[in-house]
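Residue-level listing of the chains:
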Amino acid sequence: QVQLVESGGGLVQPGESLRLSCNVSGSMFSTYSINWYRQAPGDQRTFIAYITSAYNTHYANSVKGRFTISRDNAKNTVYLQMNGLKPEDTAVYYCNIKSLWGQGTQVTVSS
C-alpha cells in the first residue's frame, strides 16, 4: 500500500516562504505524476500544482509565479516551495497520487 506523508507546514507572516514535502512509500515513485491540493476552511479541496514523471509541471493561476513544485526521485519526495505567501494561502495542503491522499499539513499565513 502506497502511503503519502506531508510535512513542512506552519505559521508564517505574509510575504514569507515555506517548503512543503511529501514523502511517498514504495518503489514506483519515479513513475508517478503527483499533485498538490489545498483546502481552506469551508471550501472545497482545490488543485495547486502537479509534476509528471517527466518533470513537466503545471500550476493553478492563483499560485503561478509564487509556488514551485519539484521532485527528488532518489528520496521519493515531492516538494512545494511557496514564496510570497498571502493570507489567502492559508489551508491544509495535501499531496495526491491517483486516488491516494496524504493526511495533509496545515499552512497558516497571518500577521
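An account of the accompanying structure is given in this report. This one's a predicted model, so the numbers in the text were calculated from it and none came from an experiment.

Conventions used here
- Residues numbered from 1 in each chain as written.
- Predicted model: local features only at pLDDT ≥ 70, side-chain atom pairs only at ≥ 80, totals over all residues.
- Heavy atoms only, no water.
- Core = buried A, V, L, I, M, F, W, Y, C linked by side-chain atoms within 4.5 Å.
- Buried < 20%, exposed > 50% of the residue type's maximum accessible area, 1.4 Å probe, protein only.
- Helix = DSSP H or I, 4+ residues; strand = E, 2+ residues; numbered from the N terminus.
- Contact = heavy atoms within 4.5 Å.
- Disulfide = S-S within 2.5 Å.
- Pairing = 2+ DSSP bridges.
- Axes fitted to C-alpha atoms, helices over the stretch in contact; angles between N-to-C directions.
- Salt bridge = Lys/Arg side-chain N within 4 Å of Asp/Glu carboxyl O.

**Looking at the nonpolar core**
Trp36, Phe67, Ile69, Leu80, Met82 and Tyr93 are the most contacted members of the largest nonpolar core, which has 28 residues in total. Residue assignment for this core shows that the elements contributing at least two residues are β3 (18-24), β4 (34-39), β5 (46-51), β7 (67-72), β8 (77-82), β9 (91-97) and β11 (105-109). Excluding anything up to four places from it in sequence, leucine 80 contacts Leu18, Arg19, Leu20, Trp36, Ile48, Ala49, Phe67, Thr68, Ile69 and Tyr93.

**A closer look at the state of the cysteines**
Under the defined criterion, the tally for this structure stands at 1 disulfide. The disulfide partner of cysteine 22 is cysteine 95, and the S-S distance across this bridge is 1.9 Å. Every disulfide takes its handedness from the sign of the S-S torsion; for cysteine 22 and cysteine 95 that torsion is 60 degrees, giving right-handed. With cysteine 22 in strand β3 and cysteine 95 in strand β9, this residue pair connects regions lying 73 residues apart in the sequence. Residue cysteine 22 is classed as buried on the basis of its relative accessible area of 0%.

**Focus on the sheet that holds β7**
An order of β1-β3-β8-β7 is seen for the 4 strands of this open sheet, with the pairing classed as antiparallel. The open sheet is flanked by β1 (4-7) and β7, the only strands paired with a single partner. Averaged over all pairs of adjacent strands, the angle between their axes in this sheet comes to 15 degrees, without regard to strand direction.

**Let's talk about the pattern of salt bridges**
Summed over all chains, the structure comprises 2 salt bridges. Here arginine 38 ties to aspartate 89 by a salt bridge, and the two come within 2.9 Å at their closest N and O atoms. Highlighted residues: arginine 38 in strand β4 and aspartate 89 in the loop between β8 and β9, separated in sequence by 51 residues. Assessed through its relative accessible area of 0%, aspartate 89 is described here as buried. Its salt-bridge partner being arginine 66, residue aspartate 89 comes within 2.7 Å of it at the nearest N-O pair. Of this pair, aspartate 89 sits in the loop between β8 and β9 while arginine 66 sits in the loop between β6 (57-59) and β7, placing them 23 residues apart in sequence. Considered together, aspartate 89 and arginine 66 belong to a single accessibility category, that of buried residues. One continuous salt-bridge network, built from bridges that share partners, spans Arg38, Arg66 and Asp89.

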